[in-house]
Amino acid sequence: MKKIIYLLLVSLVVTACNEDIKLSFETQHIDKSADAVISIKYPKAIGTKLVAEKINQKIEHVIANEMNMAETTENDMSIKDAVAQFDDEYKTFKKDFQDTSQKWEVKVDGKVLYESLEVITISLQSYIDTGGAHGNSRLTYLNFNPETGALLEEDDIISNQSKFKSVAEKAFKDQTKPVDPDETIEDFFFGEDFQLPSNMGFTKAGLVLLYNNYEIASYAQGATKIILPYEDVKGLLKINPQTF
């Protein structure tokens, strides 16, 4: 009887803790075009203060650093600071090259890609054009622990690295279409063996592995996405797909 009572108490405590963590998201917009063209849309976490603050700080830092023209990473830069800095850099550029008609541009489209009890995935699609033949596009996935707001790294997601990598490599070969049938996996990875990307995100269809432009061989046009159905990686993740 004592054991049953103890288990009931533990269950009530866990339930209460989960109910204390309340999160929702609202879309934030920053639009200006007087000087540089800047259009930023991203999700802002609302709810449990400490958790929401962690998530929002990370989202803002990633967006700000995408716009940062300096070579160093500014971990404490806000989106507001980044917008002002980018605009000032463009004004300086216009002053130095008065005959140019080049317009600098930043576009960021962020959204909540997936939510469950164990993970929240945010996607940030950015496009930055500061001259040259074309602008640069980049897609970033951020995976958060909904209870703590902590950013989940690869080791927090994958439980069996070697087996997961083997499954991912097979999926990569199945889902990519080489230009030349004689091309090997090493041709994609600049002479190296298969490598996992730095970006992965949870979706309803499965875990997405994302390679941005130039992260794999240049003949891969645009971002390359590989989808791993949850059934294929069952038992290889620390986040249980059964809860999705």
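In the block above lies the structure referred to throughout.
Keep in mind that what you see is a predicted model, and the values were worked out from it rather than measured. (Residues numbered from 1 in each chain as written. Predicted model: local features only at pLDDT ≥ 70, side-chain atom pairs only at ≥ 80, totals over all residues. Heavy atoms only, no water.)

## Here's the deal with helix H2 (residues 49-67)
Which entries qualify depends on this criterion: Helix and strand definitions here come from DSSP, where helices need a minimum of 4 consecutive H or I residues and strands a minimum of 2 consecutive E residues; each element is numbered from the N-terminal end. The span you would expect from a helix comes to 1.5 Å times its residue count less one. Burial classes follow relative accessibility: with a 1.4 Å probe on protein chains only, a residue under 20% of its type's maximum area counts as buried, one over 50% as exposed, and anything between as partly exposed. Note on contacts: a residue pair is in contact if any heavy atoms of the two residues lie within 4.5 Å.
Relative to the 27 Å expected for 19 residues at 1.5 Å per residue, H2 spans 27 Å between its end C-alpha atoms, a close match to the ideal helical length. Inspection of H2 places Val51, Ala52, Ile55, Asn56, Ile59, Val62, Ile63, Ala64 and Met67 among the buried residues, and these make up the whole buried set. On the buried face of H2, the contacting elements are strand S1 (23-32), strand S2 (37-47), helix H3 (79-96), strand S3 (105-115), strand S4 (120-129) and strand S5 (136-144).

## Section: empty space enclosed by the protein
Operational definition: Detection works on a 1 Å grid of protein atoms alone, calling trapped sets that fit a 1.4 Å probe cavities and calling open sets with protein on both sides within 12 Å along at least five of seven lines pockets, with lining residues defined by an atom within 4 Å of a point. Grid points are joined across faces, edges and corners, and a volume is the space filled by probe spheres set on the points.
Applying the stated criterion across every chain yields a total of 1 cavity of 30 Å³ or more. There is about 50 Å³ of room inside the largest cavity. Around the largest cavity sit Val62, Ile63, Glu66, Val108, Leu124, Ser126, Arg138 and Thr140, which together line it. For the lining of the largest cavity, the secondary structure elements donating two or more residues are H2, S4 and S5. Ranked by the residues each element gives to the lining of the largest cavity, the list is headed by H2, at 3 residues.

## Things to note about the sheet that holds S3
Two strands in a sheet stick together by hydrogen bonds in their backbones, pointing the same way (parallel) or opposite ways (antiparallel). We count it as follows: Note on pairing: two strands pair once DSSP finds at least 2 bridges between them. Angular values range over 0 to 180 degrees, each being the angle between N-to-C directions of two axes fitted as lines to C-alpha atoms, with helices fitted over their stretch in contact.
Ordered in space as S1-S2-S3-S4-S5, the 5 strands form an open sheet in which the pairing is mixed. A single partner strand is all that each edge strand has here, and the edge strands are S1 and S5. Along the sheet, successive strands turn relative to each other by an average axial angle of 20 degrees, direction set aside. Pairing geometry for S3 and S4, over 10 bridges, is antiparallel. If you follow Val108 over to S4, its bridge partner there is Ser126. Set on the sheet, H2 makes contact with S1, S2, S3, S4 and S5; between it and S2 the angle comes to about 165 degrees. Of the strands in this sheet, S1, S2, S3 and S4 touch H3, which is tilted by about 175 degrees from S2.

## Some thoughts on the pairing of strand S8 (residues 224-228)
The two faces of S8 differ: Thr224, Ile226 and Leu228 on one face are buried, but Lys225 and Ile227 on the other face are not. Here strand S7 (residues 207-211) pairs with S8 via 5 bridges, running antiparallel. Its bridge partner being in S8, Leu207 is matched across the sheet by Leu228.

## Structural notes on the pattern of salt bridges
As a reminder, the rule being used: Salt bridges are defined by distance alone: a side-chain nitrogen of Lys or Arg within 4 Å of a carboxyl oxygen of Asp or Glu.
Considering all chains together, one arrives at 8 salt bridges under this definition. Two residues, Arg138 and Glu66, come together in a salt bridge whose shortest N-O distance is 3.6 Å. Taken together, the residues Arg138 in strand S5 and Glu66 in helix H2 connect sequence positions 72 residues apart. Of the residues examined, Glu66 reaches a relative accessible area of 27% and is grouped as partly exposed. With its nearest N and O atoms 3.5 Å apart, the salt bridge here joins Glu169 to Lys173. Of the two residues, Glu169 and Lys173 both sit in helix H5 (residues 161-175), 4 residues apart, roughly one turn of that helix. On the basis of relative accessibility, which here comes to 24%, the residue Glu169 falls in the partly exposed class. Several salt bridges share partner residues, and in doing so they unite Glu66, Arg138 and Glu215 into one network.

## Overview of the packing of H2 against H3
How we decide: Here the word oblique covers every angle except those under 35 degrees (roughly parallel), over 145 (roughly antiparallel) and from 65 to 115 (roughly perpendicular). Here the term charged refers only to Asp, Glu, Lys and Arg, the term nonpolar to Ala, Val, Leu, Ile, Met, Phe, Trp, Tyr, Cys and Pro, and the term polar to all other amino acids, Gly among them.
At a minimum axis distance of 8 Å, the contact between H2 and H3 shows a crossing angle of 10 degrees. Taken together, H2 and H3 sit at an angle that is classed as roughly parallel. In this structure, H2 uses Glu60, Ile63, Ala64 and Met67 to contact H3, whose residues at the interface are Ile79, Ala82, Val83, Gln85 and Phe86. The residue inventory of the contact of H2 with H3, partitioned by class, reads 7 nonpolar, 1 polar and 1 charged.

## Quick word on the nonpolar core
Operational definition: Among buried residues, those of type Ala, Val, Leu, Ile, Met, Phe, Trp, Tyr and Cys that are joined through side-chain atoms within 4.5 Å constitute a nonpolar core.
Counting 29 residues, the largest nonpolar core has Ile40, Ile59, Ile63, Met67 and Phe86 as the members making the most contacts within it. Every element with two or more residues in this core is listed here: S2, H2, H3, S3, S4 and S5. Of the residues forming this core, the biggest block, 8 residues, is contributed by H2. Filtering out sequence-adjacent residues up to four positions away, Ile63 remains in contact with Ile40, Tyr42, Ile79, Val108 and Leu124.

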